[in-house]
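Coordinate inspection notes
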Amino acid sequence: MKYKFEHFSLIAILFCFIASSCGNQKFLRSHSLSPEKPRKRVFDEYMVVKNKFNFLKQNYKIQEDFDNLSYELSSILQQSPDRSLIRAFRQWVYHLNDTLSYPYKYNKEHKAIMLDTVERKPNGLQKWLYNKVGSGPMILDTALTRRTAESMQRFLNQKSYFNAEVSYDIRKVRHRAIVTYNIKTGMPLLIDTVSWLSKDTLIKEILEDIKGLTVLKPRATISSNNLSLEKKRLTLAIRNRGYYNFNWNYIVIQADTANAVKVNAHKKSMFNKNFEQGEPRAKIYLEVLPFSDTSISHPIYNICNVYITPNDLILKAHQKRVIKKDSFFVVERTIRDRQKILVLKGDDIIQPKDIIRKEKIRKNGEKIRWVERSVPRLKKVTLNSRNDILPGDKVIHIILRKIVKNKKDEEANVKQKKKKYYIRDKVISDAVSIKAGDLYMYKGTQESVHEINNLGVFRFPRIEYVPTPNGPKECLDCLVKMQPGKKQEFGVDFEVNNNATTVYSSTIGLATNIFYRNKNIFKGAEVFEVSVQGGVDLNVNPDSTTKDNLFAQTVNLLDVNFETSFYFPRFLGFKFLRNMFKMENPSTKLSLGYHLLKQSSDFQISSFYTKIGYEWTKGNEHAFKWNPALVNLTLEPTLDDNFAKSLEENNLPLYESLKASFLIPSMDFSYTYSTPENKLKGGAWFFKSYFEVSGNLVYLLDKLIDPNKKLQFLGVDYSQYFRTELDIRYSYKLHKRHSVISRLMLGVIVPYGNSEGTDIPFIKRFTLGGPSSMRAWNLRYLGPGNNVSSPGAEFQLGDLRFEFNSEYRFMFNSWIGGAFFVDIGNVWLFNSAYTDPGIPLQTPKTGAFSDKFYEQLAVGTGVGLRVDLSFFIFRFDFALQLREPEGYRYRSDGTIQYWNFDPFEIENRHKFIIAIGYPF
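Residues numbered from 1 in each chain as written. Predicted model: local features only at pLDDT ≥ 70, side-chain atom pairs only at ≥ 80, totals over all residues. Heavy atoms only, no water.

The next subject is the sheet that holds strand S8 (residues 281–288). The mixed open sheet is built from three strands, whose spatial order is S6-S8-S7. The sheet is open, and its two edges are formed by strand S6 (190–198) and strand S7 (251–256), each paired on a single side. Direction aside, the axes of adjacent strands within the sheet are offset by 20° on average. In this sheet, S8 lies alongside S6 in parallel orientation, the contact comprising seven bridges. Note that in S8 the partner of Trp196 across the bridge is Leu286. Here helix H6 (residues 201–210) sits on the sheet in contact with S6 and S8, set at roughly 150° to S6. (Pairing = 2+ DSSP bridges. Helix = DSSP H or I, 4+ residues; strand = E, 2+ residues; numbered from the N terminus. Axes fitted to C-alpha atoms, helices over the stretch in contact; angles between N-to-C directions. Contact = heavy atoms within 4.5 Å.)

Structure representation (structure tokens):
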């Protein structure tokens, strides 16, 4: 018996609701009314249905964004009704499972609506539906409304609108209330000038040195946010110059409105860009207070010793620091001295021995200096004893380890110790940027914790500072503590989707990713990873009449990728490349893999690949990935004779790609830019570009060896092409639990040189469909263009790609949410051996790109459920085809039906998807 899976979830929810409501009615029928006198209901309650903001007319024109200001004010509302798209459903769930409040009934004896005093005990399901899924009415409370208006006025005062006025009006219609907040901001208080004061001469020099990057610029508002940002900026800058005990309580900011310059209002013109409205001004006096009543100067601290405990919490703050037998000294040994010209920007610190050669101040106030500094070439050496330290050596780190003993309970030798140690000394020393003898810097603490975390082999790294017991008074001992993490890791990911092809046949797609990691294989934070990615398309109702073996009957498509790789948390290569690209957090990855693709008994393709690549970042927004050497060898496919004939007749692009072997020596580069997501409201961008060039170096070598003969490897020609992809995403947060995310993906691949006039390797062509692309279509079932796919040859490829996806995501609570989505896209062929050169004007079912490409776009839509379990997200999507470029069927008048107006009448036009993670 065949069931409609799409109705199952709705039937289950309705059954739960009906069962819970019937249980309540049964409970009420089995109990009589309380002997207490019923209370008569007074209809004096009103439900808040809407909040409005009415900005009153005033002479001052607000310079802020009204939308952002309204959104900030809306976050202060204490009585906000549910404004989600599913509020009717949530209110229905709330009232259906409302067993916690007293119901009202009509009392025949008193002829009035009175309170029913029978208490009802809810079950667990009703509590969960009532509290987590349902949303009740917001009853008007004038006390909360008054408090909201007062909070809005205080908020505007903090934004420098000190003359702001907020009142409210309540409109009541049929027990519904609309609250209108009348807002008059007045003029904000702006900054006239800023004076930097301090009795500490060294602090005064620091203030003068960094004042160019201040947030408190003339004509800026004196808001609490700007003042907090400035105090935070100054605190970090001062603490990065050795002031360990400094905090922002030493910073005092005062405003003087009496002596500020008064500015008259004048309109903006072509020759005057400043738009003045006569806002009041104030002089700002920013002062750093003395250290104490008895000392004006703030103490400057240096680092005396740096103790690193990579294995356990051996050293505690109250313990006496004693150099143990198994302690190691990391020293910097000077090889040769050299002078360099360095460029210092922003908060970069000038050292006492630096010689300033040039200074420049940018328009934004940032000061740039060119300084000459002695930068000796150093070599790190690990020593087991103080006796091995040479006179010119500088001890920067002391690594403390547990005492290692052999089986006889005797002190182990050096070889036995190294086997027991969790990580090498140099690796952990390179991750800690704090060095003995340096000035205290708060930035060094953050960088060291970040670098230790990036190693991926330690847990809970933390850094503490304590006064040194035997050194000078203004000297600190740095204690770097961490715990070894799990060395080995194993994980599994999976995806499930369903596709009904006919009434009697359907397939289930399964995809999984199994991986094993050894995160410290060479005791240098190197990661060894083995992963197996596999996907299989199974026939639920296998046809034994057309297939001769069990595998061909049950398996429609098998896709397996095996890869082993080594990951090094450092740059392995020429040092000038690291300096040229200004790499931050560089890493190196070596990979070797095998890929198998088998479609039933029709064809089988095998390929081997290897690559060496580098990854690095620049700041928090820019990421780079470069694979200078990537080689792929695709062996000659094995084709079934009947399948080959069917491909040649129905899917020529795939047939051309499958009839030969390919050698792909390529190089690729990708750049990713992302902006941080706003937690409350606002947008965030994600941009990724990918470029791949194949065969250029081999082509030059080919021409040098023998210009009249093509170079081959094991009888296989090398491919030469250019491939690029663009991935642009924008997410806009409408509310804390509501957001819209859109993605645009473009791609093109062009053969040239040795591959000109031949076909492109099919593994480099573009495909659509699957759980994270066009979700209403199976993987590789869409396109190219309006080409009609033939049963058994659904392996659609393209040279050009266009795809647009958009989702509206919302959360019912902190861990359950939903989504509405739409997918638009297709792939096309371009300048191939089986189409005419150029862009043809008419493409009768050839799949080639044309000027009418917009008429060949596929459209899909659907709804989804998201279950956020913090460490991963379960995704359940129901996708439905709205438009098929090749058409669904012929109408009675002979025309083709392209739009799917009967979603469940046409077979094979909807899918269920179960996956982990968001699609994008």
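Here we take up the side chain of Asp877. Structurally, the position occupied by Asp877 is in strand S35 (residues 873–883). Residue classification places Asp877 among the buried positions, given a relative accessible area of 3%. Looking at Asp877, its side chain comes within polar contact range of the side chain of Arg866, at 2.5 Å. There is a polar contact of 2.8 Å between the side chain of Asp877 and the side chain of Arg875. Once residues lying within four places of it in the same chain are set aside, the contact partners of Asp877 are Arg775, Phe821, Val863, Gly864, Leu865, Arg866, Lys911, Phe912 and Ile913. (Buried < 20%, exposed > 50% of the residue type's maximum accessible area, 1.4 Å probe, protein only. Polar contact = N/O pair within 3.5 Å; in protein donor to acceptor, adjacent residues only side chain to side chain.)

Listed as buried for helix H4 (residues 124–133) are Gln126, Leu129, Tyr130 and Val133. For H4, the arc enclosing every buried residue in end-on projection is 120°, short of the 170-degree limit, so these residues lie on one face. (Arc of directions from axis to C-beta.)

With that settled, the discussion passes to a nonpolar patch on the surface. A surface patch of nonpolar side chains, about 470 Å² in accessible area, is lined by Leu125, Trp128, Trp815, Leu869 and Phe871. Here Trp815 lies in the loop between strand S32 (800–811) and strand S33 (816–828). (Patch = residues over 30% accessible without salt bridge, like charges linked within 9 Å, V, L, I, M, F, W, Y side chains within 5 Å. Areas by Shrake-Rupley, 256 points an atom, 1.4 Å probe, with all protein chains shown as cover. Salt bridge = Lys/Arg side-chain N within 4 Å of Asp/Glu carboxyl O.)

This paragraph deals with empty space enclosed by the protein. As enumerated under the stated definition, the model contains two cavities of 30 Å³ or more in all. Taken as a whole, the second largest cavity spans an internal volume of roughly 40 Å³. Surrounding the second largest cavity, His595, Leu596, Leu597, Ile605, Ser606, Ser607, Thr634, Phe762 and Ile763 form its lining. Listed by contribution, the elements that provide at least two residues to the lining of the second largest cavity are strand S22 (584–599) and strand S23 (603–618). When its residues are assigned to classes, the lining of the second largest cavity shows five nonpolar, four polar and no charged. (1 Å grid on protein atoms, 1.4 Å probe; cavity = no way out; pocket = protein on both sides within 12 Å on 5 of 7 lines; lining within 4 Å. Points joined across faces, edges and corners; volume = space filled by probe spheres on them. Nonpolar A, V, L, I, M, F, W, Y, C, P; charged D, E, K, R; others polar.)

Two elements in contact, helix H2 (residues 66–74) and helix H5 (residues 142–158), have axes whose closest approach is 10 Å; the angle formed by their N-to-C orientations is 135°. By the criterion of interaxial angle, the relationship of H2 to H5 is oblique. Judged by the sense of rotation from one axis to the other, the crossing of H2 with H5 is right-handed. Every residue of H5 that contacts H2 at Leu69, Glu72 and Leu73 is listed here: Met152, Phe155 and Leu156. Considered class by class, the residues forming the contact of H2 with H5 number five nonpolar, no polar and one charged. (Parallel < 35°, antiparallel > 145°, perpendicular 65-115°, else oblique. Left-handed = near helix turned anticlockwise from the far one by under 90°.)

As a further point, take a positive patch on the surface. On the surface, Lys50, Lys52, Arg83, Arg87 and Arg171 cluster together into a positively charged patch. If you trace the backbone, Arg87 turns up in helix H3 (residues 87–96). Classification of Arg87 by relative accessible area gives partly exposed; the value is 33%. (Lys, Arg positive; Asp, Glu negative; His and termini not counted. Charge placed at Lys NZ, Arg CZ, Asp CG, Glu CD.)

All right, on to the environment of Met441 then. Positionally, Met441 belongs in the loop between helix H9 (425–431) and helix H10 (442–455). Distance from Met441 to Ile238, taken between C-alpha atoms, is 9.0 Å for residues 203 residues apart in sequence.

This next bit is on the nonpolar core. In this structure, Ile428, Phe458 and Val480 are the most contacted members of the largest nonpolar core, which totals 26 residues. Secondary structure elements with two or more residues in this core: strand S9 (302–309), strand S15 (394–400), H9, H10, strand S16 (458–467) and strand S17 (475–484). Element by element, the count of residues in this core is highest for S17, at four residues. Once residues lying within four places of it in the same chain are set aside, the contact partners of Ile428 are Ile308, Ile399, Ile423, Ile452, Leu455, Phe458 and Met482. Core analysis: the next-biggest nonpolar cluster, separate from the first, contains 21 residues, Leu189, Ile191, Ile210 and Leu216 among them. (Core = buried A, V, L, I, M, F, W, Y, C linked by side-chain atoms within 4.5 Å.)

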